[in-house]
Amino acid sequence: MRSLISILDLSVEELDELIATAKDIIARPEAYRESCRYKKLATLFFEPSTRTRLSFEAAMLELGGSVLGFSEASSSSAAKGESMADTAKIVSCYADIMAIRHPKDGAPYVAARNASVPVINAGDGQHNHPTQTLADLLTISREMGRLSNLTIGLCGDLKYGRTVHSLIEAMSRYEGVKFVLISPAELKLPGFVRYNVLEKLGIPYTEVTSLDDAMGQLDVLYMTRVQRERFDDPAVYERLKDSYILTKEKMELAKENMCVLHPLPRVNEISVAVDDDPRAAYFRQALNGKFMRMALILKLLKEAEENPRREKVEDGGWRHDLRCPNSRCICHTEQELPPAFRLTDREAGIWRCVYCEQVGVE
Ligand code: CP
C-alpha cells in the first residue's frame, strides 16, 4: 500500500501512466462509472478549499464510490486536541482512502505513517501540493502537447506557494525544461526546492523580478496568489500582495501559443479580462484536476488491494538530536513526535527535517 505525500513519490513513468488514465477517463467516462463501487473516500480538510476538496469528492462519486469527511478543523475532534496520528488511525476504520489538507507542513506524512489505508496529501501548509501538480501536468500536456522542452515561468509567491514547489519537483524530471522564477526578493524559492531539486539536478533557471521582461520567452506562465494566510506580519503582505497583475496588455508580450495556468483561487493577480484569451487555461486546469484525482484514486486503491501492508519507512540513518526551525512544522505540535532529520547533502553536511524539509539546527 502506498500513499502520495510528495510528487516525488511517483516516478516519471507513473506520472505518464496517470496522465494516460486521465485522458482515457475523459474519452470513455462510462467505462469507469462502477470502478470504485462500495469504496469510500474520506476528505479531511483542516484548511479551506473549493477545488481540491470538491474535485476529490466529484472524482470518487464519478468512479461509483462514496465520500465522507469534514471541511474545517473546528468540526472535527482536532478542535478537542486529537493528534494527526490518532485521527489517521480512526479514519482508517471508516474509509478505504483519505485525502488530507492541513495548515501544518508535514501533517499528511504523519498521517500516512499511522493510517492503514492510503493517504493523499491535498496540500500541507507552505510545503507541497502534489495533486495540484497532477492537474497542472495534465493541463500542460493537453494545452502544449508535451511535457518536455518547455520554458516555464513561475510568478508571484514562490516562497510559500506549495503548488510551485511540487510543480518544480515534477517538471524538473522532464527533458529540456527551464524555469524562470519571477518574484519579489522576499518571496523567492525556498532552499528545499532550490538546492534539493534545481541545483542537485542541474536544471537551468533564472531569477528575475520583472514579469514583463520574462513574458516573451515563456511557453507556460504559472501565476500564483500572494497568500495572506502565510504571512506573520500583515504589513509585509500588504506591501507584496499586488506585486504582479497579469493584464490583457501584458498578454500582448507573450507567445501566441503560451498557456497561462493558476492553481486558483485568484485574488487580483490575473485580471478578469484575461479569462477570454484562449491562452488562459486555469479553468480547464481546475477541471483536469478532477480527472487526475480519479486516476490517482484508482491507482492507489488498486495497489492497496494488491498489497495492503503499509510501506516501511527507511529511517536507519536519521538524526534525532537537531531542532526544526520551522514553527509551522507538524513536529512542534504533534503529540510525542520525535524530531527526525535525513541527510540530503553529504558534502555540505545538510540534514533536513523529514516532515517539512527545512534544514535542522543544533
Ligand atoms: N488549487 C487549490 O488548491 O484550490 P483550493 O484551495 O480551492 O482547493
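Residues numbered from 1 in each chain as written. Predicted model: local features only at pLDDT ≥ 70, side-chain atom pairs only at ≥ 80, totals over all residues. Heavy atoms only, no water.

Asks: How would you summarise the sheet that holds strand β4 (residues 119–124) if you had to cite specific residues and measurements?
Replies: The 4 strands are arranged β2-β1-β3-β4 in an open sheet whose pairing can be described as parallel. Each having just a single partner strand, β2 (66–70) and β4 make up the two edges of the open sheet. On average, each strand axis in the sheet is tilted by 15 degrees relative to the strand beside it, whichever way the strands run. Across 5 bridges, strand β1 (residues 40–45) lies against β2 in parallel orientation. The partner of K40 across the bridge, within β2, is S66. (Pairing = 2+ DSSP bridges. Helix = DSSP H or I, 4+ residues; strand = E, 2+ residues; numbered from the N terminus. Axes fitted to C-alpha atoms, helices over the stretch in contact; angles between N-to-C directions.)

Asks: Which residues make up the site of the ligand, and what values do they have?
Replies: Around the ligand sit S49, T50, R51, T52, R101, H129, Q132, P263 and L264, and those are all the residues in its vicinity. The contact in question runs from an oxygen atom of the ligand to an N or O atom on the side chain of S49, over 2.6 Å. H129 has a polar side-chain atom sitting 2.9 Å from an oxygen atom of the ligand. Within the complex, the protein chains bury 92% of what would otherwise be the 260 Å² of accessible surface of the ligand. Here the shell around the ligand is composed, by residue class, of 2 nonpolar, 5 polar and 2 charged. (Near = heavy atom within 4 Å. Polar contact = N/O pair within 3.5 Å; in protein donor to acceptor, adjacent residues only side chain to side chain. Areas by Shrake-Rupley, 256 points an atom, 1.4 Å probe, with all protein chains shown as cover. Nonpolar A, V, L, I, M, F, W, Y, C, P; charged D, E, K, R; others polar.)

Asks: So what about the domain arrangement of the protein? Which residues, and what values?
Replies: Examined at the domain level, the protein breaks down into domain 1 (7–129 + 287–306), domain 2 (149–284) and domain 3 (319–362). Between the C-alpha centres of domain 2 and domain 3 there is a distance of 28 Å. Listed as interface residues are 10 residues of domain 2 and, on the opposing side, 4 residues of domain 3. A buried area of about 560 Å², summed over both sides, lies between domain 2 and domain 3, and 30% of it is on carbon and sulfur atoms. When the buried surface of domain 2 facing domain 3 is broken down by residue, F192, N196 and K200 rank first, second and third, together holding 64% of it. Run the count over domain 2 and domain 3 and you get 1 salt bridge. Across the salt bridge formed by D232 and R328, the nearest N and O atoms sit 2.9 Å from each other. Counting across the domain 2 and domain 3 interface gives 4 residue pairs in polar contact (both at pLDDT 80 or more). Take the side of domain 2 that touches domain 3: its biggest share by element is 5 residues, from helix α7 (residues 191–201). (Domains from an automatic or database assignment. Contact = heavy atoms within 4.5 Å. Buried area = accessible area lost by both parts, 1.4 Å probe. Salt bridge = Lys/Arg side-chain N within 4 Å of Asp/Glu carboxyl O.)

Asks: Any chance you could break down helix α5 (residues 130–144) for me, citing the residues and the numbers?
Replies: Compared with the 21 Å implied by 1.5 Å per residue over 15 residues, the 21 Å span of α5 between its first and last C-alpha is a close match. Burial of α5 is extensive: 13 of the 15 residues sit out of reach of the surface. Trailing α5 by a residue or two, G145 shows a phi angle of about 80 degrees, which is positive. (Expected span 1.5 Å × (residues − 1). Buried < 20%, exposed > 50% of the residue type's maximum accessible area, 1.4 Å probe, protein only.)

Asks: Can you lay out unusual backbone geometry for me, pointing to particular residues and giving the numbers?
Replies: With omega at 5 degrees, the peptide bond leading from L264 into P265 counts as cis. Looking at the secondary structure, you find P265 in the loop between β9 (259–261) and α11 (282–306). Notably, L264 is not glycine yet its phi reads approximately 60 degrees, a positive angle. Relative to the assigned elements, L264 resides in the loop between β9 and α11. Unusually for a residue other than glycine, E336 sits at a positive phi of about 50 degrees. Mapped onto the elements, E336 comes out in the loop between α11 and β10 (341–345). Since its relative accessible area comes to 75%, E336 is described here as exposed.

Asks: Can you tell me about the sheet that holds strand β6 (residues 178–182), naming the residues and giving the values?
Replies: Read across the open sheet, the 5 strands follow the order β7-β6-β5-β8-β9; overall the sheet is parallel. The sheet is open, and its two edges are formed by β7 (205–208) and β9, each paired on a single side. Neighbour to neighbour, the strand axes of the sheet diverge by 20 degrees on average, direction disregarded. Pairing of strand β5 (residues 151–155) with strand β8 (residues 220–223) involves 4 bridges; the strand directions are parallel. Directly across from L154, in β8, lies its bridge partner Y222. Contacts from α5 reach β8 and β9 within the one sheet, and its direction differs from that of β9 by about 170 degrees.

Asks: An account of the nonpolar core is needed here, citing residue identities and associated values.
Replies: Within the largest apolar cluster, 60 residues are counted, with the highest numbers of intra-cluster contacts made by L134, L154, I168, M171, F179 and I297. When residues of this core are assigned to their parent elements, the largest contribution, 9 residues, is made by α11. Shared between two domains, this core takes at least three residues from each, and those domains are domain 1 (7–129 + 287–306) and domain 2 (149–284). For I168, the residues in contact, after removing those within four places along its chain, are L154, F179, L181, L189, V193, V197 and L198. (Core = buried A, V, L, I, M, F, W, Y, C linked by side-chain atoms within 4.5 Å.)

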